[in-house]
Structures are given as structure tokens and as C-alpha cells.
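Breakdown of the fold
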Amino acid sequence: MTGADWILLVGSVGLLILGVPYAITIGLVSIAALFAIGVDPVVTVQQMVAGLNVYALLALPCFIIAGDLMHTGGLSDRLVKLAMVVARRFRGGIGMVAVLSATMFGAISGSAPATTAAIGRQMIPEMEARGYSRSFAAALAAAYGPIGILIPPSIPMVIWGVISNTSVPRMFFAGIIPGLLMTVSLLIVCNLHARVTRLPRVEERATLREFAAAAWEAKWALLAPVIILGGIYGGVFTPTEAGVVGIAYGLLVGLLLHGELDWRSLYGIIQRSMATSANIAFVIALASVFGWIVAYEQLAERVASAITGLTDNRIVILLLMNLFLLAIGMLMDTIAIMIVFAGFLIQLGQQLGLDPVHLGIMLIVNLGVGLATPPFGYTLFTAVAISDVPFGKVARALTWLILVELGVVALVTYLPPLSLFLPGLFMD
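Residues numbered from 1 in each chain as written. Predicted model: local features only at pLDDT ≥ 70, side-chain atom pairs only at ≥ 80, totals over all residues. Heavy atoms only, no water.

**Here we look at the pattern of salt bridges**
With the rule as written, the count across this model stands at 4 salt bridges. With its nearest N and O atoms 3.0 Å apart, the salt bridge here joins Glu260 to Arg78. Placement of Glu260 in the loop between helix H13 (239-257) and helix H14 (263-296) and of Arg78 in helix H5 (residues 75-87) is noted, with a sequence separation of 182 residues between them. Between Lys81 and Glu217 there is a salt bridge, and its shortest N-O distance comes to 3.6 Å. Remark: Glu217 occurs in helix H11 (residues 208-217) and Lys81 occurs in helix H5; sequence separation between them is 136 residues. Classification of Glu217 as partly exposed rests on a relative accessible area of 35%. (Salt bridge = Lys/Arg side-chain N within 4 Å of Asp/Glu carboxyl O. Helix = DSSP H or I, 4+ residues; strand = E, 2+ residues; numbered from the N terminus. Buried < 20%, exposed > 50% of the residue type's maximum accessible area, 1.4 Å probe, protein only.)

Take a look at the structure:
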């Protein structure tokens, strides 16, 4: 390993252990590595600008604003009511309601922490009131958050499409089945947990009239993904333009149809969305510098060759990739991981003959599980914050949920048709 390699590796780990934010860590070690290899530090600014000068990245702030508009405008509340009607008759049905609500909200937000926060705030007290422990309710909120980045539209899918030169609509199609698998796995856990803890059936089966009424009340929420995704898949607009359509739709529904938005709340939404977008942009810019150094030093090629030199067994290599992604997913920001390690992953994927779409979904599923996994998972900390349950209790309650989600990771990894069937069916 070269001096720059040691700086990137040891420097990153050391600063993260000290609690330095991800973006600052990446920026500092990148500048130090540039000095070590004798490259003019002006490359830092050039690569930061180049990393952000991508048209498709305009979709990110648009989807962030659209998701917040739709949540504040009452769409998530109506989705929860519809899910309640569908799942309440099952044992442990309120937990299933939370998972179904997260799945439907994921088709609006495209963000894992936003899904945990939006659905968790409403469903954790409801689950506790119906017999679930508050720690399990919080753990479930952390576990269903990653569904938000698997069900399209998804912010990480847009990022992967940009950095790997992969079709974003194909990525959106590819995430549907893995996202639904994650949903089904969590529904099963909720039902089994309710049986083991002997939670009673407290709700009766909904009548057809109740279902129709709930579906009618949620019609604008249900129509949102149809318009956004249908427009993308139908070629009416690009993913970037779809974000703008989502903003317009959120404003229309929130201000005029539901009447739950006002101009004062719009100011808060724009303020929050700007802060979130700026944080993401800062991470992307500095991660682009880190990624350039990795490419300049040919670190990705050397690491990929070292791994394939250890074994030529495809199953073992994929297992090692999963373990690596899960490990860094517990420690680093999802977008930073995708940009920093894209070269290594793409190089290794090419050597294994992996389709870039399958590789991207495998990456996003792994990182999604990492978001819910101790010690630093984003959705885990979000769930702890909104539930006021101690970190240790939530982490312990997550055990079976994480194990089930790892089963989904294995299925997605070793069964490529789960990711490639829908893109091949509708786009080839």
C-alpha cells in the first residue's frame, strides 16, 4: 500500500472514531492524500464542482421537497388510515399497519430516515397502546425505514444511476420486488412476534364500505406514485422533471385539495429541505474528491484484484462484498459510500459479470440494512430520537428484524432475476 492509501484508510477510520462528521473526514483525508501523492490541491475544488455539475442530481432537492410537502400536506396520515383498514384484523395487525404505511410512504419520500420519522411518530404510540412494547415498536420503525430507499422513487437509486452511468428508470423498476420482499419479511415478523407475545386480536375485519371509504380518502396519496412513476416509465418526463412534478402535485394537494398546508408551513418545509439538500450536496462534493484519488491511485483495481486473487468462487466473493457493504453501512453515510466505493464496486462487478442494475440494488439493500444496524445506523438513531427509548433496548429488539432483512439481502444477491425481471419486462 502507498502512503496515500494509508492516509485514506487510517485517517478515515481514526477521524470517524473521534466523531468527526463524515463529510469533514472525507475532505480532510482527501487533501492530505493529495499532498502525499504530489498533486496540486486545486484538484479538490475542481472535483467538488465536477461532482455536483450533473443534471440528474437536480432530482435530489426536488424529491426531498416533494416528500416533505406530501407528508405535511396530510398524505401520510391518509395512507396510515388505509393500511389500518387493510391489516387491522390480523394478530399484531397494528405492526403490519406500520410496515404497510412505510411501504406506501416510501413511494413518496425516497428516503429511509424520512420514512422512519414520518411513520414512526404516528405508529409507535399506536403500537404501544395495542400491546406492543415501545422498544419493539421503535425497532420496527428503524427496520422499515430502509424500505423508503428500495421502493421507487429513491434518492440512492438516482445517485447510483449518475455515478455508474446506469438508467435511473431501470433502477426504479429493479427496486420494486426487493422492496416488496422487505415488506413481506417484516409483516411476517410482526405476526410471529404477536403470536409469541400473545397479543390479542383487538380489531374486527373491515367491511367493504370501510375499505372503500379509506381508499377514497387516500386517493390523492395513492395517485402520487402513479403520476410520478408512470410519467417516468411512460417517457413523459425524466426523473429530474418528475421531482418538479412531485412538488407541484404536493402543493396542489396540500394547499387546495386537503387544505392542510399554509404559506407559513411552506417556509418551514423549504427551510428543512434546503438544509437536507445542502448536507447531501456537501457530502457528494467531498466524496467526489475522495473517489478521484481512489481512481488516480488505482486503488479500486488493486483491491478488486486482491479479492479475486484470494478466491475465484463467485459465491464467496459476493459474500465478502456483502459483509464489506454491511460493515461500512453501519459506519458511514449512504451517499458517501456509494460515491467513494463506486470504482471498487464497479470494477469487482465487472470481473464477476454482474449487471450494473443488479449490483446497484444489491448495494442499496445492503446499505439499507446498515442504516438500521448498530452502532451508527441513521434510521436506528432516528427511531431512538422519536421514541425516547434507550439505544440499548432498541438495538436488542432489532435482532430478529435485522436477521430477517439479511435474508432478503441474500436473496437479492444470489437471485439476480429479483432485480432484473421487471426492468427486462418493461424496458427491453
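**A look at the environment of Phe211**
Checked against the element boundaries, Phe211 lands in helix H11. By relative accessible area, Phe211 is classed as partly exposed at 39%. Each C-alpha atom, one on Phe211 and one on Ala83, is 9.5 Å from the other, the two residues being 128 residues apart in sequence. Those residues in contact with Phe211, other than ones at most four positions away along the chain, are Leu82, Val85 and Val86. (Contact = heavy atoms within 4.5 Å.)

**So, H14**
Taking 1.5 Å per residue as the helical rise, H14 with its 34 residues ought to reach 50 Å, and the 49 Å between its terminal C-alpha atoms agrees with that figure. Of the residues that open H14, the one with a side-chain oxygen 3.1 Å from the backbone nitrogen of Arg264 is Asp262. Directly beyond the C-terminal end of H14, a positive phi value near 55° is found at Gln298. (Expected span 1.5 Å × (residues − 1). Polar contact = N/O pair within 3.5 Å; in protein donor to acceptor, adjacent residues only side chain to side chain.)

Take it as geometry only, folks, not as evidence of what the structure does.
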